[in-house]
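# Structure at a glance
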Amino acid sequence: LRGCNALAVLDVSLNHLQDQGVTDLMAAVAHCTALRVLKLGSTGFCLAATVAAVGQACAHFTALEHRDLSDSSLGLSVVLLASTPDTRFASLHSLGLRTSGMHAYGTTSLSKILPRCPKLRNLDLGCNALDDKAAANLSAGLEACRALSHLSLVNCKLKAPRAESL
């Protein structure tokens, strides 16, 4: 992949890459500035160093419209996105974080990302157990998402008080 400068879509979802495989893959495609779609769902990465490698690579993808980091452990995906100032969000249309261990810490980070995503239309947070604090954090970030047309909160264990804060 190192020579594929025109690569626009990379979908390695549902592969057992684990941490080293994802880190190596991100190093190989970091130069692909034309990348518009990155799908890393269910690749088995969970270490903070791997998440950081994904974040560093994404900082080069200025045309990235869709990120799917679903089924990544510990909700670290969102934390890295918020803590990486060079990461580009202006072109992001879709963000998949289903089953990513989202909790209050992750939603705090996500609420910092959302205002930097003016074109975000689809946000998938399904299958994350959102407590009252997580729902309140998420609410703060969602207020800035004027283009958002699809929000998936499927199986997020929301109850009346939490749902009302959204």
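For the structure itself, look to the data block above.
Residues numbered from 1 in each chain as written. Predicted model: local features only at pLDDT ≥ 70, side-chain atom pairs only at ≥ 80, totals over all residues. Heavy atoms only, no water.

The next subject is the overall build of the protein chain. Looking only at helices and strands, one finds six helices and six strands in the protein chain. Ordered by position from N to C terminus, the α and β elements of the protein chain give β-α-β-α-β-α-β-α-β-α-β-α. Here the protein chain holds 166 residues, and the buried ones make up 48% of them. Sequence-distant contacts in the protein chain: of pairs separated by 6 or more residues, those separated by 24 or more amount to 85%. Of the roughly 7,600 Å² of accessible surface on the protein chain, a fraction of 56% belongs to carbon and sulfur atoms. (Helix = DSSP H or I, 4+ residues; strand = E, 2+ residues; numbered from the N terminus. Buried < 20%, exposed > 50% of the residue type's maximum accessible area, 1.4 Å probe, protein only. Contact = heavy atoms within 4.5 Å. Areas by Shrake-Rupley, 256 points an atom, 1.4 Å probe, with all protein chains shown as cover.)

Looking now at the sheet that holds strand 4 (residues 94-96). Strand pairing within a sheet occurs via backbone hydrogen bonds; the two strands may be parallel or antiparallel. Judged by pairing direction, the sheet is parallel, and its six strands sit side by side in the order 1-2-3-4-5-6 without closing on themselves. Of all the strands in the sheet, just strand 1 (9-11) and strand 6 (150-152) have a single pairing partner and so form its edges. Ignoring strand direction, the axes of neighbouring strands in this sheet form an average angle of 5°. As judged from the three bridges shared by strand 4 and strand 5 (residues 122-124), these two strands associate in the parallel manner. Within the sheet, the bridge partner assigned to Leu 95 lies in strand 5 and is Leu 123. (Pairing = 2+ DSSP bridges. Axes fitted to C-alpha atoms, helices over the stretch in contact; angles between N-to-C directions.)

Between helix 4 (residues 104-113) and helix 5 (residues 132-142), the shortest axis-to-axis distance is 8 Å and the interhelical angle comes to 5°. Here helix 4 lies roughly parallel to helix 5, going by the angle between them. On the side of helix 4, the interface is formed by Ala 104, Thr 107, Thr 108, Leu 110 and Ser 111, while helix 5 contributes Lys 133, Ala 134, Asn 137, Leu 138 and Gly 141. Here the residues of the contact of helix 4 with helix 5 are counted per class, giving four nonpolar, five polar and one charged. (Parallel < 35°, antiparallel > 145°, perpendicular 65-115°, else oblique. Nonpolar A, V, L, I, M, F, W, Y, C, P; charged D, E, K, R; others polar.)

One turn of the α-helix equals 3.6 residues, which is why residues spaced by three or four share an orientation. Taken as a whole, helix 5 has its buried residues at Ala 134, Ala 135, Asn 137, Leu 138, Ser 139, Gly 141 and Leu 142. In this structure Asp 131 caps helix 5, since a side-chain oxygen of it lies 3.3 Å from the backbone nitrogen of Lys 133. (Polar contact = N/O pair within 3.5 Å; in protein donor to acceptor, adjacent residues only side chain to side chain.)

Our focus in this paragraph is the pattern of salt bridges. In a structure, side chains of opposite charge can pair up when their charged atoms sit close to one another. Evaluated as defined, the whole model comprises two salt bridges. For Arg 98, the salt bridge is made with Asp 124, and the minimal N-O distance between the two is 3.0 Å. Note that Arg 98 is positioned in the loop between strand 4 and helix 4 and Asp 124 in strand 5, a separation of 26 residues in sequence. (Salt bridge = Lys/Arg side-chain N within 4 Å of Asp/Glu carboxyl O.)

Quick look at unusual backbone geometry now. Unlike most non-glycine residues, Leu 14 shows phi in positive territory, near 60°. Along the chain, Leu 14 turns up in the loop between strand 1 and helix 1 (18-29). On the basis of relative accessibility, which here comes to 72%, the residue Leu 14 falls in the exposed class. With a phi angle near 60°, Lys 157 is a residue other than glycine that sits in the positive phi range. Take Lys 157: it is sitting in the loop between strand 6 and helix 6 (160-165).

Our focus in this paragraph is the nonpolar core. In this structure, Leu 10, Met 26, Leu 38 and Leu 40 are the most contacted members of the largest nonpolar core, which totals 37 residues. Of all elements in the fold, only helix 1, helix 2 (48-58), helix 4 and helix 5 reach the threshold of two or more residues within this core. Non-local contacts of Met 26, meaning those with residues more than four positions away in its chain, are made with Leu 10, Leu 38, Leu 40, Ala 53, Val 54 and Ala 57. (Core = buried A, V, L, I, M, F, W, Y, C linked by side-chain atoms within 4.5 Å.)

Take it as geometry only, folks, not as evidence of what the structure does.
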